[in-house]
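Here's the letter readout for the chains.
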Amino acid sequence: MSKTATDQELLGAFYFGDDDDALATFVARHRTWALAQAGRLFAEEAEDIVQLSILRLMDAEPVGEVRNPLGWWRTIIAMTAMDQLRACTRRREQEREAGEVHRLESLFFVSDFVSRIEHAQLVRHIHREIDRMDERFRGPLLKRYFEDMSYAEIARILSLSPGTVASRLSRGIGQVRDALETQGLLPAYPTDGEETSMKPLPPATADRNRAFAEKWNDTWFVTLPKGARGIGHITAASEPDGSVTLKWHDDLAYDKDNPRKDRPEEADARSWTSCDLALQDAERFAWSRYRNEEAWINCWHEGDAYIGWSDVIEPDGNGGFVVTHEGGRQVSLSGKAPSPTVPDFLCFLVACEQERERTSAWNMGIIGFDRSRTGRKWGLLEVPGRYAGRKGLPTGLSHTYEIDVTAHVGRTISIWVDDTGGLLGLGDEKGSFLVAPDEASARELLASGDHLQSKHHA
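Residues numbered from 1 in each chain as written. Predicted model: local features only at pLDDT ≥ 70, side-chain atom pairs only at ≥ 80, totals over all residues. Heavy atoms only, no water.

1. Let's talk about the pattern of salt bridges
Turning to step 1, where the next piece is worked out: Counted under the stated rule, the structure contains 21 salt bridges.
Turning to step 2, where the next piece is worked out: Between Arg 376 and Glu 294 there is a salt bridge, with its nearest N and O atoms 3.0 Å apart. Remark: Glu 294 occurs in strand 6 (residues 286–297) and Arg 376 occurs in strand 12 (residues 375–390); sequence separation between them is 82 residues.
Turning to step 3, where the next piece is worked out: For Arg 376, a relative accessible area of 6% gives the class buried.
Turning to step 4, where the next piece is worked out: A salt bridge links Arg 376 to Asp 311, with the nearest nitrogen and oxygen atoms 3.0 Å apart. Separated by 65 residues along the polypeptide, Arg 376 in strand 12 and Asp 311 in strand 7 (residues 306–315) bring together distant segments of the chain. Exposure class is identical for Arg 376 and Asp 311. Each is buried.
Turning to step 5, where the next piece is worked out: In the salt-bridge network here, residues are joined through shared partners; they are Arg 128, Glu 129, Arg 132 and Glu 214. (Salt bridge = Lys/Arg side-chain N within 4 Å of Asp/Glu carboxyl O. Helix = DSSP H or I, 4+ residues; strand = E, 2+ residues; numbered from the N terminus. Buried < 20%, exposed > 50% of the residue type's maximum accessible area, 1.4 Å probe, protein only.)

Following this line, the structure appears as structure tokens:
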């Protein structure tokens, strides 16, 4: 094929015409670009990452035309880098495993019940529940029982009062005990006779919701929008009535001079977003309440130190939604959207459950917003989704779904899923959200790159 062919034509000739020269031309044309992309993630391993990404590029299986060739390759590069990070993380975990087990054995509520099950099995269950815990409770618990810190030391490091540390330790231990009791691993404490007033969901729905919460709880992201870097975290918990509370928080840094690149929450120019969703039925993605808070600090306009919003969205009972802005002002959302309707970018929660067939396509609604200095204007968007094929080896980037929001914002959101339906990441030409194995790995990835080019001004 001619070297003047477009990128789309070159990839089309390779994937659907077995033209190896076409792929060689595409790679040669953009190799410098690819090295720069890899270098932003792992500078010392950029060459190896690019070489591995080319193999995955060759092994990919798109469904139809590749609409964004550089986005296609950029995604493979990013996920190849994440695979390298996961390998390093597994080695570190093996090295510290013995020490962690010893610490777990020191937790005071273990020894009383070792006769109920094998001790090693109980330790694994405790470790799993600690990993799923909200960071407010997990942090103090790990520092107390894994790092052997005193209450005063924990209070100083976390900027808390000793009383708050004690309270969070107690609540954290209680959460672990409650989870083990629910699973029948520990005998339940007697209750005080109080009964819940919440009407429980049907058992089948509650079971599906619990599986959903287990799948998504304690999911860490590295967020890489253009000109910024950040870290995100999802927690999901089953409630007594069988529903799920899903929480998402991310911090973005726009300050290129921040000495702690792994701590975007400490940057001078930054933003943060926090939301929580009350989910009644994970299968239908039916929810009853969505709260979204956002703040921009020193990065909206010159001279603005802080701008923030807080909105609550709820179904109105007639197939629509109502938004309650901070201060109590209510506004009905305009437009109609098909079911399921998903708040903001949480579309990946629905896409991960779709079939992986060449003809797989669906419609969904997205509640999105236009941002201005005076707040956010929410609206309903009707968007199509489709299965787009594979972009790499099963051990790397695998199945890809696309949410087409071109008619609304001029781009397509790609969602990358492994063979088991687990999320690997999502993104578009403006940035990516990549799943990390844990918080330490996410922060290590942030610290390893230096892709902040300039301070961002929205």
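2. Quick notes on the environment of Glu 357
Turning to step 1, where the next piece is worked out: Note that Glu 357 resides in the loop between helix 10 (348–351) and strand 11 (361–372).
Turning to step 2, where the next piece is worked out: Distance in space between the C-alpha atoms of Glu 357 and Val 63 is 9.3 Å, their sequence separation being 294 residues.

3. Here we look at the nonpolar core
Nonpolar side chains in soluble globular proteins generally cluster together in the buried interior.
Turning to step 1, where the next piece is worked out: Of all hydrophobic cores here, the largest spans 47 residues; its most connected members are Trp 216, Trp 287, Phe 348, Ile 403, Ile 415 and Leu 423.
Turning to step 2, where the next piece is worked out: By size, the runner-up hydrophobic cluster in this structure holds 39 residues, among which are Leu 10, Tyr 15, Trp 72 and Ala 442. (Core = buried A, V, L, I, M, F, W, Y, C linked by side-chain atoms within 4.5 Å.)

4. Quick look at the packing of aromatic side chains
Aromatic ring pairs are described here by two measures, namely the spacing of the ring centres and the angle between the planes.
Turning to step 1, where the next piece is worked out: Counted by the stated rule, this structure contains 17 aromatic pairs.
Turning to step 2, where the next piece is worked out: Taken together, a centroid distance of 6.2 Å and an interplanar angle of 55 degrees make the contact between Trp 248 and Phe 433 tilted. Taken together, the residues span a long stretch of sequence, with Trp 248 in strand 4 (residues 244–253) and Phe 433 in strand 16 (residues 431–436) at a distance of 185 residues.
Turning to step 3, where the next piece is worked out: Phe 433 sits in the partly exposed class, given a relative accessible area of 23%.
Turning to step 4, where the next piece is worked out: Every member of this aromatic cluster is reached through a ring pair, and the members are Phe 212, Trp 216, Phe 221, Trp 248, Phe 348 and Phe 433.
Turning to step 5, where the next piece is worked out: Taking NZ or CZ as reference, Arg 376 lies 5.2 Å from the ring centre of Phe 369, over its face. (Phe/Tyr/Trp six-rings, centres within 6.5 Å; stacked < 30°, edge-to-face > 60°. Lys NZ or Arg CZ within 6 Å of the ring centre and 35° of its normal.)

5. Here we look at helix 3 (residues 46–59)
Turning to step 1, where the next piece is worked out: Between its first and last C-alpha, helix 3 extends 20 Å over 14 residues, near the 20 Å set by a 1.5 Å rise per residue.
Turning to step 2, where the next piece is worked out: Residues Ala 46, Ile 49, Val 50, Ser 53, Ile 54, Arg 56 and Leu 57 constitute the buried set of helix 3. Axial view of helix 3: buried residues confined to an arc of 165 degrees, hence all on one face. (Expected span 1.5 Å × (residues − 1). Arc of directions from axis to C-beta.)

6. Description of the pairing of strand 6
Turning to step 1, where the next piece is worked out: As paired strands, strand 5 (residues 270–281) and strand 6 are joined by 11 bridges and run antiparallel to one another. By the bridge assignment, Cys 275 is partnered in strand 6 with Asn 292.
Turning to step 2, where the next piece is worked out: The turn joining strand 5 and strand 6, which pair antiparallel and follow one another in sequence, is formed by 4 residues; a positive phi near 50 degrees is taken by Phe 285.
Turning to step 3, where the next piece is worked out: Looking at chain direction, strand 6 and strand 7 are connected through 8 bridges and run antiparallel. Among the inter-strand pairings, Glu 294 is bridged to a residue of strand 7, identified as Trp 309. (Pairing = 2+ DSSP bridges.)

7. Concerning unusual backbone geometry
Turning to step 1, where the next piece is worked out: A positive phi angle is found at Asp 218, which is not glycine, with a value near 60 degrees.
Turning to step 2, where the next piece is worked out: A positive phi angle, near 50 degrees, is found at Phe 285, a position not held by glycine.
Turning to step 3, where the next piece is worked out: Here Phe 285 is to be found in the loop between strand 5 and strand 6.
Turning to step 4, where the next piece is worked out: Overall, the relative accessible area of 4% leaves Phe 285 in the buried class.

8. Details of the confidence of the model for the protein
Turning to step 1, where the next piece is worked out: Averaged over every residue, the pLDDT of the protein is 78; the share at 70 or more is 79%.
Turning to step 2, where the next piece is worked out: Taken as a whole, residues 95–117 scores under 50 in pLDDT and shows 40 contacts with residues more than four places along the chain or in a different chain.
Turning to step 3, where the next piece is worked out: Ignoring residues within four places in sequence, the model shows residues 188–198, a span with pLDDT below 50, making 5 contacts including any to other chains. (pLDDT = per-residue confidence, 0-100. Contact = heavy atoms within 4.5 Å.)

9. A word on the packing of helix 1 (residues 7–17) against helix 2 (residues 20–41)
What describes two packed helices is the angle between their axes and the distance between those same axes.
Turning to step 1, where the next piece is worked out: Interhelical geometry of helix 1 versus helix 2 gives an angle of 145 degrees and a closest axis separation of 7 Å. Crossing angle aside, the handedness with which helix 1 passes helix 2 is left-handed. Facing Asp 7, Leu 10, Leu 11, Ala 13 and Phe 14 of helix 1, the residues of helix 2 in contact are Asp 20, Ala 22, Leu 23, Thr 25, Phe 26, Arg 29 and His 30.
Turning to step 2, where the next piece is worked out: Across the contact of helix 1 with helix 2, the residue classes tally to 7 nonpolar, 2 polar and 3 charged. (Axes fitted to C-alpha atoms, helices over the stretch in contact; angles between N-to-C directions. Left-handed = near helix turned anticlockwise from the far one by under 90°. Nonpolar A, V, L, I, M, F, W, Y, C, P; charged D, E, K, R; others polar.)

10. Let's talk about the environment of Lys 143
Turning to step 1, where the next piece is worked out: Note that Lys 143 resides in helix 6 (residues 135–145).
Turning to step 2, where the next piece is worked out: By relative accessible area, Lys 143 is classed as buried at 17%.
Turning to step 3, where the next piece is worked out: Between the alpha carbons of Lys 143 and Ile 154 there is a distance of 6.8 Å; along the sequence they are 11 residues apart.

11. Section: the environment of Pro 62
Turning to step 1, where the next piece is worked out: Looking at the element boundaries, Pro 62 is found in strand 1 (residues 61–62).
Turning to step 2, where the next piece is worked out: Ignoring anything within four residues of it in the chain, the contact list for Pro 62 reads Tyr 15, Phe 16, Trp 72, Ala 388, Gly 389 and Arg 390.

12. A look at the packing of helix 2 against helix 3
Turning to step 1, where the next piece is worked out: Where helix 2 contacts helix 3, the axes come no closer than 9 Å and their chain directions differ by 140 degrees. As far as their axial angle goes, helix 3 and helix 2 are oblique. At the point where helix 2 passes helix 3, the crossing takes the right-handed sense. Contact residues: Leu 23, Phe 26, Val 27, Arg 31, Ala 34, Leu 35, Ala 38 and Gly 39 in helix 2; Ala 46, Glu 47, Ile 49, Val 50, Gln 51, Ile 54, Leu 57 and Met 58 in helix 3.
Turning to step 2, where the next piece is worked out: Split by residue class, the contact of helix 2 with helix 3 holds 12 nonpolar, 2 polar and 2 charged. (Parallel < 35°, antiparallel > 145°, perpendicular 65-115°, else oblique.)

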